[in-house]
Each structure stands twice: as structure tokens, then as C-alpha cells.
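# Inside the fold
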Amino acid sequence: MIKSRNLLMSALALLVGSAWVEVVAAQGGAARGPAPATLHPPDSAQKAPDAQGFLPRWLILEPIPASGVTQSAVQAAVQKEYFPNQFTVIPHDGDKVTAGEAELTWHAVDTLNYNVNLYHFAYALNKPSSNVLFWAVTIVNCPEEMRGVRLAVGSNDASVWWVNGQEVIGIYGDRQTVIDDGVSKKLTLKKGPNVIRCAVHNQGGATDFCARFLDAEDKPVKNLTLTLSDTTN
Amino acid sequence: MKILLAAAAILPLALTARALDGQVGIHDPSTVIQCDGKYYVFGTGGGGLISDDGWTWRGGAVRPGGGVAPDVIHLGDRYLVTYAGSGVHTMWTKTLDPNSPDFGFQDDSVVATGDLDCNAIDPSLLLDPADGKLWMTYGSYIGFIRLVQLDPKTGKRVDPNSTPYNIAINCEASEMICHDGWYYLLADHGSCCAGAASGYNIRVGRAQKVTGPFFDNMGVDMLQGGGKLFVGSGGRVVGPGHFGLLDLGDGVQKFSCHYEADLDRGGASVLDIRPLLWKDGWPVAGDNFKEGTYEIESVRTGTALELAVEGLPVGGRRGRGGAGGFGRGGLGSRLGGQGAVGGTGETNAAGGRGARGGGGGGRGLFAGQGGVIPPQDVAQVSTNWPAGNIDPRLANYLDQAQQKWTLTAVTNAGGYPGSPYFKITVAGTDRALAATEDGELVTLPAFTGKPEQLWRIDQLADGSYRIMPKAGPKSNESAALSAIGSSFATLSKFEPESDKHRWVFKAP
């Protein structure tokens, strides 16, 4: 989260030196409102990127507790094995894993927007969104081999990204989601399925991510389809 | 639109600008606003700061309600204040002066609330000059920045049940301003409240309607986190945030903000006021004027301010043939000339073809003198200057001593929004530029601190500067330095659109 001065319902902010008060106005003791509707279950076998090339379909794992958004802390967090095969698994909607003592479920979602709102994701499941790690996976299917493309992402807060098992982007620190914030070196996408995996680490408050591929002229790549299966799984 | 002047032409030898004077601690400041000749600014928690001149500040502003990130606007004969505390509030007062019998806030009530998609804090107010409508933006990082319409007569929602407009995400401390028919939404990105680790920076997008959409310079919608950088950390200050517009009229605009950490003040959160510039339709954060030694050049004429004395070429005069320059001593050697022996290999200085002086022996007219010619020593050249008052004038800049000016901030002499007054002296001397009672200019042998020797330097929208005396001629209180001819400068009423009142400060 970007640290801001959220207002506690029952307290007032203080002067300089203690200027921001911890969260969360909307949840200050009141009943939970309805979950926002920016995410919904996929309703088709395949999904195209949106008009700006953003990837809208993901499998997201319920959050795992984690702390620290510095580069070293995030790298340590994403290298830790929370559950078996976490770097290679292509899960299905509803699959469960055990991470520590918690049983966590993978959820398939399509986003209505350019970004995937993890705050909404967690809220809808009544899960925490602060000091957590979200794992997400999608399959990008290419009609032909594509060389010289780049993965371009944004996230709130830090995130690490893999394409076909190779780490290609890491952006760290307390940050907001900026379109094309982290950009990979030139990549080759295989003809057929390519696995995109990310881990987003949030300190607190708002949390989301966005991702797309850019071609050699920095234009979004749109002749892809997204599925949640590589047909071999 | 005037093109922003190249930053490289300005300030390369400057020292750091002075921060605001006095008591300047504040967080999440409101717009800086004037009331009965004083400046007021409010901050998180209540209270705020007051200044008589916009430079030296003190505590004492009063704002009840507590809460965070207030804003204030002058509407008619009273002031509307908004702040966030369990929703967004507005309230009225007839004056901001807490010592006035008319002071007192009325009608404090909630005009907007938050939900999961909007954290209802950081309200700000805009009176649209196009149609007189009053708008309020509010919101923070969780969810959207929202826009609602208020009634300027009541300060309350025109329609309490209307759906707010969503205009941005991933930011907070929004503020909307208008310029040349566009609406600009400025807002903070990055993190606050972490001292020198605060990544706060102010970004901007623009729209042709108050309701948006707001796009940045790369066409990214602020609803997708877009925003062109307006100002970030720099120098000794970290984490600017909470933009506020201070329009002083005559084309002079400033902006206020806080820095999360002023490193020269122990990392405290403080107020600042800086010039607001415009370039290619985008606002640009200017810097307050910095002390230093400069050439002062007229945008109108391209000529530079100097003392009306005979100048000497740097490195000494050089002759045309014959004896060449000053190598024979006398006046030449006193002036440090290199002595011109010129020539093309013929006997030195005896004249003859090719002995055109200026160079080392046999070097020719264009070959220079050899070696490095040092700057003029003002102690030497000024021995030829009159002892008393000397008029200034304008001339082609030739790097000469009488053309270089040192601007030094004067302490305890007051100031104007964002800056102290400066004395302007010939570099290396105490000879000071002053205004005369009849609206002309003079240089005095020594600076004595009188108001007519104190100068206000305001940066204009295109990056050039207006230069005004603290005490101008009685007949013309808005008199500014003016180039009225290629060789003459005077004081005249400032004309915002004219180049004759625009000056640039260049490396000497």
C-alpha cells in the first residue's frame, strides 16, 4: 500500500509528527458492505486481452501472511516454498493448498478493468489484504512464436514475475500500480501456451496489479488468448 | 504561449534558496489564502499558520473540527473551509482573523462520505471561473478520487443523492485548477508520513471538462493511475505534497505544498511556496530564486544590465596592427592585458602587415593571446569608476566586471510569498542597485538596507523573472524593472504580457 492518512472512525488525526492514523475508515466497527463487483468468475473458455492489451484473466491464491516490501524481503518471501510446486503449478479454480497451517483456495477471476483489484479479491473472501503475499497465474496462448516482446506490469505494492519459469521482473518498495512500471527484457513467447506467474506483496491498504505484453514498438500485444489451462494440465 | 526559457540559462552558479522564514511546521496544508491583507494556511489536526507577507510565518490560525487535510476558498464575503473527519465537512466563517469580532465557524456538516471504493479524506475546492459552479474533490489511495458539486451559496451538496464522479485512482490530496480553458487535476502519488523516506510526489493530468477524463502527457487516464510529474523531492527537501494554488495576479502564480521532510529543519514537515510555471500546456514547479552572481539580461532587448561606465575588454584591449595592445606596459599592464604582439612572424609590434595584435607572438588576429584569460578583477577596473552614484544601463554582455551582479538575500527585511528580499550589488563590491523616487534606477556606492534598495524577484509563467523594488516610486506602486530601449532600463508599471518587464538570470 502507499502509506496514506486513512481516518479511523473513532479517533482524530494528530499534528505533525504523528500525522497519519491507521486504517480503515469503511471498516471501523461497521457492518461489511457488499463486495465490489470488479472481479467475476470466468464465463468463457478463452479470454482476449482488453483494448489496451491488459491481461484480464487470472487464477489467484488466497493471501499468505508476509512482511517487508524491500527488495531483499520480497525476494526472500517469494523464494520460500509455501506449498509444493508453487513455482510450476498450474492450478484449477477451487484447488486447495496448505500453506503453513492455513488451507488456501485458488480462485479463477476475470477483471472488468485494466487491473486486478486484490483488495476487492480479499474483501470478497473476508481475507486480510495487509502484510500478505498473493500468488497469481495465467496462461497466455500465442498463435505463433513471438520474439522481442516485453512483459510490462504494475503492482501495489511489490511484485515479482515469471514467464515460463524464468524470473523477468521484480519491483519493490511501497508503490502504487503504474501502467508499464516494471518492464522485462526482450522475451520470446512460444507458439501455444506460456505460463505467466506473479507474486504481489502488499503492506496495507489498496493492492492491485496489471500486466500486458508490449511489442518492439512499445505497442500492446493483443493477438493472444488467455486460458487457465495449458491443455497439458 | 511563451516558451519556457531554458533552465540552463538560469542559476548554474547559485546557492540554495532560502526556505520560508519563521514557524513553518505543518502537515497536509490547505490552499494558502489571503484575508484582510494577511496570508493564512490550515493543516491537519486543526489550527494553522499566519503571515503578513507570505515569507515569515507564525502560528495562530484557528480552525475547529480537527480532522485532516483541510482546504479553504473565498466565496463572496465569507470563507468556506472543508476538512475530513468522519466524512468530509464544510463550514463557513466571515473572516479568518481569529481576533476579529466577525470570526467564528458556522454550519459545520458532512457533505460526503466514504465507502469501500473511496476513502473520504483530503477534500479540496474549486470555483469554476467558466460558470461559477463550485466543485469538491476528495479521496485517497483506497478506491477513487471523487468529484461532487457544491452550492456556492450554502457550501453543501447541490444534490446530496447524486453519484459522485470517479476521476482518478492511486493518489490522494487532489486539487483541481483551471488554466487556458483546461481543468488540471493535481494529486499526490507515493507515500507520505515516513520522513525522509517519503516518496510523495505531486502529479497532474488534464481534461477539457471538470468531470474528466483526466489524461497525463502520455495519454494515460488518471483513472488508470496516470499523472505527469509536477514536483518531486530535490535539494534538501523530501516528499512534496498537497498542492495549493496562490494566484497573485498580473500573471504571477505560486503554489504551496508541504515537504514531508525538510532536512535543514531536522526532517520536519514544513510549508513552502514556490513559483508556478507553465510549459506547453502543463504546469511546472519553479524554484524560488537563489542567491548568486549573474548576468541580468532583458528578454525584450537581449542586452544586460550594467553600470554606465566605460568597460574594458576582458584580457585588455588589443590593437589593430602596429604596437598591438598593452604589452608595452602602462595602462595595458595595469589592466592585466596580455600584451599584444601579434604579427605573422614578422618582427614584433613594429607594425607591419600581419601585426594585428592580440595574440602571442606571431599568432594572428584570431588566434587569441595564448593561455587562459582570467575574469576581470573588479578591484582593478573599478578604480576608473566614479565614486558616487552611477546610473545603470543596458549593453551587449561582454563578461565585464560592471555587468555582473550578485543577489544576496537580506535577513530581517521581510519578504513576499516564498522568498526574502534581495540586494543587488555589482559583484565583488557593495555598490547597490536602487529605485529612485521618480521611478528611475541608480546604483549607490554602498548598500544601506533602505526599502528602495531591496528587490523582489518573482518568477513568471515562462520562467523569466519580474524584478520589483520593495519601495518603488510613490506614483507607481507596481513599478517593475523595465527595458524600454536596448540601452536603457527604468521602472514602470508591470505589464504581464510584455517582454520589457521580463528578465533572465544567466551564468556570468
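Residues numbered from 1 in each chain as written. Chains lettered and ligands numbered in written order. Predicted model: local features only at pLDDT ≥ 70, side-chain atom pairs only at ≥ 80, totals over all residues.

For chain B, the helix and strand inventory stands at 2 helices and 35 strands. Relative to its 508 residues, chain B shows a buried fraction of 50%. Counted over contacts in chain B with a minimum sequence separation of 6, partners at least 24 positions apart contribute 52%. (Helix = DSSP H or I, 4+ residues; strand = E, 2+ residues; numbered from the N terminus. Buried ≥ 20, exposed ≤ 12 C-beta atoms within 10 Å, placed from the backbone. Contact = placed C-beta atoms within 7 Å.)

Here we take up the overall build of chain A. A tally of regular secondary structure across chain A gives 2 helices and 15 strands. A fraction of 74% describes how many contacts in chain A between residues 6 or more apart in sequence connect residues 24 or more apart.

All names here are of chain B. On strand 23 (residues 304-307), burial covers both faces: A304 and E306 on one face and L305 and L307 on the other are all buried. Relative to strand 24 (residues 392-395), strand 23 runs antiparallel, the two being bridged by 4 bridges. Bridged to L307 within strand 24 is P392. (Pairing = 2+ DSSP bridges.)

Moving on, we get to the sheet that holds strand 16 (residues 201-207) of chain B. Residue and element names in this part refer to chain B. In space, the 4 strands of this open sheet follow the order 14-15-16-17, with antiparallel pairing throughout. Across the chains shown, the open sheet's two edge strands, defined by having one partner strand only, are strand 14 (172-179) and strand 17 (228-231). Neighbour to neighbour, the strand axes of the sheet diverge by 35° on average, direction disregarded. (Axes fitted to C-alpha atoms, helices over the stretch in contact; angles between N-to-C directions.)

Another aspect to go through is the environment of Q46 of chain A. Residue and element names in this part refer to chain A. Looking at the secondary structure, you find Q46 in the loop between strand 1 (39-40) and strand 2 (57-61). Judged by the 13 C-beta atoms lying within 10 Å of it, Q46 falls in the partly exposed class. Sequence-wise, Q46 and H201 are 155 residues apart; in three dimensions their C-alpha atoms are separated by 28 Å. With residues near it in sequence (within four places) discarded, Q46 still touches T225, L226 and T227.

Turning our eyes to something else, we now look at the nonpolar core. The biggest cluster of nonpolar side chains holds 114 residues, and the ones touching the most others in it are V41, A168 and L185 of chain B. Inspection of this core shows a minimum of three residues originating in each of domain 1 (73-287) and domain 2 (293-310 + 377-506) of chain B. Leaving out residues up to four positions away in the same chain, L185 of chain B has contacts with I167, A168, S174, M176, V204, G205, F214 and M222 of chain B. Listed in part, the 60 residues of the second largest apolar core include V116, Y119, F121 and L228 of chain A. (Core = buried A, V, L, I, M, F, W, Y, C linked by C-beta atoms within 7 Å. Domains from an automatic or database assignment.)

Residues and elements named next belong to chain B. Judged by how many residues are buried, strand 6 (residues 68-75) sits mostly within the fold: 6 of 8 residues are covered. In terms of strand pairing, strand 6 meets strand 7 (residues 78-84) through 6 bridges, oriented antiparallel. Bridged to V72 within strand 7 is V81.

Residue and element names in this part refer to chain B. Read from one edge of the open sheet, 5 strands run 1-5-4-3-2, paired in mixed fashion. At either margin of the open sheet sits one strand with a lone partner, and together these are strand 1 (21-22) and strand 2 (33-35). The sheet contact formed by strand 4 (residues 48-51) and strand 5 (residues 56-61) spans 4 bridges and is antiparallel. What sits directly across from G48, in strand 5, is A61.

The next thing to look at is the confidence of the model for chain B. All names here are of chain B. Residues with a pLDDT of 70 or more make up 87% of chain B, whose mean pLDDT is 89. Per-residue pLDDT stays below 50 along residues 6-15; that stretch engages in 18 contacts with residues further than four places along the chain or on separate chains. Predicted confidence is poor over residues 321-361, with pLDDT under 50, and the contacts of this stretch with residues over four places away or in other chains come to 101 contacts. If you check the scores for this complex, the pTM reads 0.85 and the ipTM reads 0.76. (pLDDT = per-residue confidence, 0-100.)

Attention shifts here to unusual backbone geometry. In the segment running from N156 of chain A into D157 of chain A, the intervening peptide bond is cis, with an omega of 0°. Structurally, D157 of chain A is set in the loop between strand 8 (146-156) and strand 9 (158-163). Phi at D180 of chain B takes a positive value of approximately 50°, unusual for a residue other than glycine. As for its position among the elements, D180 of chain B is in the loop between strand 14 and strand 15 (182-189). On the basis of neighbour count, D180 of chain B is assigned to the exposed category, with 9 C-beta atoms found within 10 Å. Of note, N412 of chain B is a non-glycine position whose phi angle comes to about 60°, a positive value. When you line up the elements, N412 of chain B lands in the loop between strand 25 (405-409) and strand 26 (415-416).

Residue and element names in this part refer to chain A. Among all positions of helix 1 (residues 71-79), only V74, A77 and V78 are buried. Down the axis of helix 1, the sector holding all buried residues measures 90°, keeping them to one side. Residues S72, A76 and Q79 are exposed on helix 1 and point more than 90 degrees away from its buried face. Check the buried side of helix 1 and you find it contacts strand 7 (132-142), strand 9 and strand 13 (192-202). (Arc of directions from axis to C-beta.)

This part is about the environment of V140 of chain A. Residue and element names in this part refer to chain A. Position of V140 among the secondary structure elements: in strand 7. In sequence terms V140 and Q46 are 94 residues apart; their C-alpha atoms lie 9.9 Å from each other. Ignoring any residue separated from it by four or fewer positions in sequence, one finds V140 in contact with L55, L189, N194, I196, L224 and L226.

Further remarks concern the confidence of the model for chain A. Close inspection of predicted coordinates is inappropriate for parts of the model with low pLDDT. Per-residue pLDDT for chain A averages 85, and the proportion of residues at 70 or more is 84%. Segment residues 6-30 of chain A: pLDDT under 50, and 63 contacts once partners within four positions in sequence are set aside and those in other chains are kept.

Another point: the environment of S269 of chain B. Inspection of the secondary structure assignment puts S269 of chain B in strand 20 (residues 268-279). On the neighbour-count criterion, S269 of chain B (29 C-beta atoms within 10 Å) is buried.

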